[in-house]
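Chain by chain, the residues:
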Amino acid sequence: MTELKGALIGCGFFAVNQMHAWNDVRGASIVAICDRDPERLKVVGDQFGIARRYGDAEALFADGGFDFVDIATTVQSHRTLVEMAARNKVPAICQKPFAKTLSDAKAMVEACRNAGIPLMVHENFRWQTPIQAVRNALEADAIGTPFWGRFSFRSAYDVFSGQPYLAEGERFIIEDLGIHTLDIARYILGDVRSLTARTKRVNPRIKGEDVATILLDHENGATSVVDVSYATKLSREPFPETLIELDGSEGTIRLTQGYGLQVTNAKGTTTTDVSPRLLSWASRPWHNIQESVYAIQQHWVDQLARGAEHSTSGADNLKTFALVEAAYDSAARGQTIDVGAML
Ligand code: NAD
Ligand code: 89Y
């Protein structure tokens, strides 16, 4: 496989995982990095031995010499940087949340489509080993037709020390974490017709909501609940596990805390350990997320080589992003939102 050259923009908290993963990915490596903060640029440049360093993304694109760009900045700069990639005809990966608004997200997808470049959103949670295991069990027809689901992420893990900006935004858990859980719900039970949500802020030291309960009506007739919380103090902290319950016509699936997959059907009950691997550079409890970063980045390279669409392409992610907007809208107005009408 020819080695693709990549450039990474945004050398912050999470980008370190992406840089480690690029070292492991077959068929690509990072040749240039960019951050407007000189200190972050130096730390990451020195840690990963990257000589080409830029403080300004325009200058990075002007010099060129790379086949794709990996945008790892926070959401404020995503539209500008994705449109810059499109103008320069450079295939782009963009971190979640993809955009500040659905209309920005649609414009970004359109810009890349018009430029003829692939665009993938770094929506990595569906790539987690336990989530893939649930999807594989469903595809193997282990429980017949699913009619109900619950996708649950409840924790009191201190995410604010690593990502202080999460305490400062008007919006918090749906935009930051629930976006992943909603994507998993779509990945497992299919696209969503309508949605009803309720939110709460429990932690007085943050600005946005830290609890959300969301009811989804899927197009295939299934109903699911997505419930997320960073205000839930448990005896055993589950961060960053998504727990899943699925009821189907022929049985049930339970993804339980500690990465157990329980499948019950006419043959009885089987329990399998679906723990993620602990990659050489990973650390608990983040290893589940870290492994999925490697998986999605390998998928980026593999699909580019095949000329095939990415699982979390920009176009696919519009359907997840619409759920985020619909959830805030529903919670604010106390109404059910027609998701199809937003797309
Ligand atoms: P961060 O603030 O630690 O890092 C962002 C970096 O981008 C900073 O160093 C900043 O100086 C730089 N930057 C911002 N705008 C820039 C621009 N226009 N040009 C050059 N550099 C610029 O943020 P973070 O915690 O690393 O989060 C980054 C993104 O990753 C967020 O969107 C966050 O939601 C996402 N994230 C994803 C996951 C996941 O599992 N997918 C996990 C954590 C964070
Ligand atoms: O930013 C978030 C994400 O995407 O995964 C977990 C996180 O780091 C904190 O909620």
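Please read these numbers as outputs of a predicted model, since none were measured by experiment.

It is worth spelling out the overall build of the chain at this point. Along the backbone of the chain there are nine helices and 15 strands. Taken over C-alpha atoms, the radius of gyration comes to 20 Å for the chain, in line with the 20 Å a tight globule of 343 residues would show. When its C-alpha atoms are laid out on the principal axes, the chain stretches across 60 × 45 × 40 Å. Among the 343 residues that make up the chain, the fraction classed as buried is 57%.

Right, let's get into the site of ligand 1. Near ligand 1 lie 24 residues; those nearest to it are F14, D35, K96, N124 and Y165. The contact in question runs from a nitrogen atom of ligand 1 to an N or O atom on the side chain of Q95, over 3.3 Å. Its free accessible area being 860 Å², ligand 1 has 88% of it covered by the protein chains. Here the residues of the shell around ligand 1 are counted per class, giving eight nonpolar, 11 polar and five charged.

Take the site of ligand 2 next. Close to ligand 2 lie K96, F125, V159, Q163, D176, H180, Y230 and W286, which account for all nearby residues. One of the side-chain N or O atoms of Q163 is found 2.7 Å from an oxygen atom in ligand 2. Here ligand 2 has 280 Å² of accessible area as a free molecule, and 94% of this is covered by the chains. Grouping the constituent residues of the shell around ligand 2 by class yields four nonpolar, two polar and two charged.

One open sheet accounts for nine strands, arranged β14-β13-β12-β11-β7-β10-β9-β8-β15; its pairing is mixed. Strands at the two margins of the open sheet, each flanked by one partner only, are β14 (268-273) and β15 (337-338). Here helix α6 (residues 129-139) sits on the sheet in contact with β7 (146-154), β11 (243-248), β12 (251-256) and β13 (260-265), set at roughly 175 degrees to β12. On top of the sheet, helix α7 (residues 173-189) reaches β7, β8 (192-200), β9 (211-218), β10 (223-229) and β11; it is set at about 155 degrees to β7, its chief contact.

The periodicity of an α-helix, 3.6 residues per turn, causes residues three or four positions apart to be oriented the same way. Of all the residues in helix α4 (residues 78-87), the buried ones are H78, L81, V82, M84, A85 and A86. Those residues of α4 that are buried lie in contact with β1 (4-9), α3 (57-63), β4 (68-71), β5 (92-95), α5 (102-115) and β6 (119-122). Downstream of α4 by a residue or two, K89 has a phi angle that is positive, lying close to 55 degrees.

Under the defined criterion, the tally for this structure stands at 22 salt bridges. Among the ionic pairs, D316 bridges to R186, the shortest N-O distance being 2.9 Å. Remark: R186 occurs in helix α7 and D316 occurs in helix α9 (residues 314-333); sequence separation between them is 130 residues. You can call D316 buried: its relative accessible area is 14%. We note a salt bridge from D191 to K319, for which the minimum N-O separation is 3.3 Å. Here D191, found in the loop between α7 and β8, pairs with K319, found in helix α9; they are 128 residues apart in sequence, far enough to count as distant. Assessed through its relative accessible area of 23%, D191 is described here as partly exposed. Each member of the salt-bridge network shares a partner with another, and the members are R126, D183, R186, D191, D316 and K319.

This part is about the packing of aromatic side chains. All told, the structure shown has 12 aromatic pairs when counted by the stated rule. With 6.2 Å between their ring centres and 75 degrees between their planes, Y157 and W286 make a pair best called edge-to-face. Within this pair, whereas Y157 is found in the loop between β7 and α7, its partner W286 is found in the loop between β14 and α8 (287-306), the two being separated by 129 residues in sequence. For Y157, a relative accessible area of 25% corresponds to the partly exposed category. Under the relative-accessibility criterion, W286 is labelled buried at 16%. The rings of F13, F153, Y157, F160, F172, Y230, F239 and W286 are connected pair by pair, giving a single aromatic cluster. Looking at R135, its charged tip hangs above the ring of Y187, at a distance of 4.2 Å from the centre. The positively charged end of R171 is found above the aromatic ring belonging to Y328, 4.1 Å away from the centroid.

On the basis of which strands lie adjacent, the open sheet formed by six strands has the order β3-β2-β1-β4-β5-β6 and parallel pairing. Of all the strands in the sheet, the pair left with one neighbour each is β3 (52-54) and β6. Adjacent strand axes in the sheet meet at a mean angle of 25 degrees, parallel and antiparallel pairs treated alike. Sheet topology places β5 next to β6; four bridges connect them, and they run parallel.

The rules behind each value
- Residues numbered from 1 in each chain as written.
- Chains lettered and ligands numbered in written order.
- Predicted model: local features only at pLDDT ≥ 70, side-chain atom pairs only at ≥ 80, totals over all residues.
- Heavy atoms only, no water.
- Helix = DSSP H or I, 4+ residues; strand = E, 2+ residues; numbered from the N terminus.
- Rg over C-alpha atoms; globule rule 2.2 N^0.38 Å.
- Buried < 20%, exposed > 50% of the residue type's maximum accessible area, 1.4 Å probe, protein only.
- Near = heavy atom within 4 Å.
- Polar contact = N/O pair within 3.5 Å; in protein donor to acceptor, adjacent residues only side chain to side chain.
- Areas by Shrake-Rupley, 256 points an atom, 1.4 Å probe, with all protein chains shown as cover.
- Nonpolar A, V, L, I, M, F, W, Y, C, P; charged D, E, K, R; others polar.
- Pairing = 2+ DSSP bridges.
- Contact = heavy atoms within 4.5 Å.
- Axes fitted to C-alpha atoms, helices over the stretch in contact; angles between N-to-C directions.
- Salt bridge = Lys/Arg side-chain N within 4 Å of Asp/Glu carboxyl O.
- Phe/Tyr/Trp six-rings, centres within 6.5 Å; stacked < 30°, edge-to-face > 60°.
- Lys NZ or Arg CZ within 6 Å of the ring centre and 35° of its normal.

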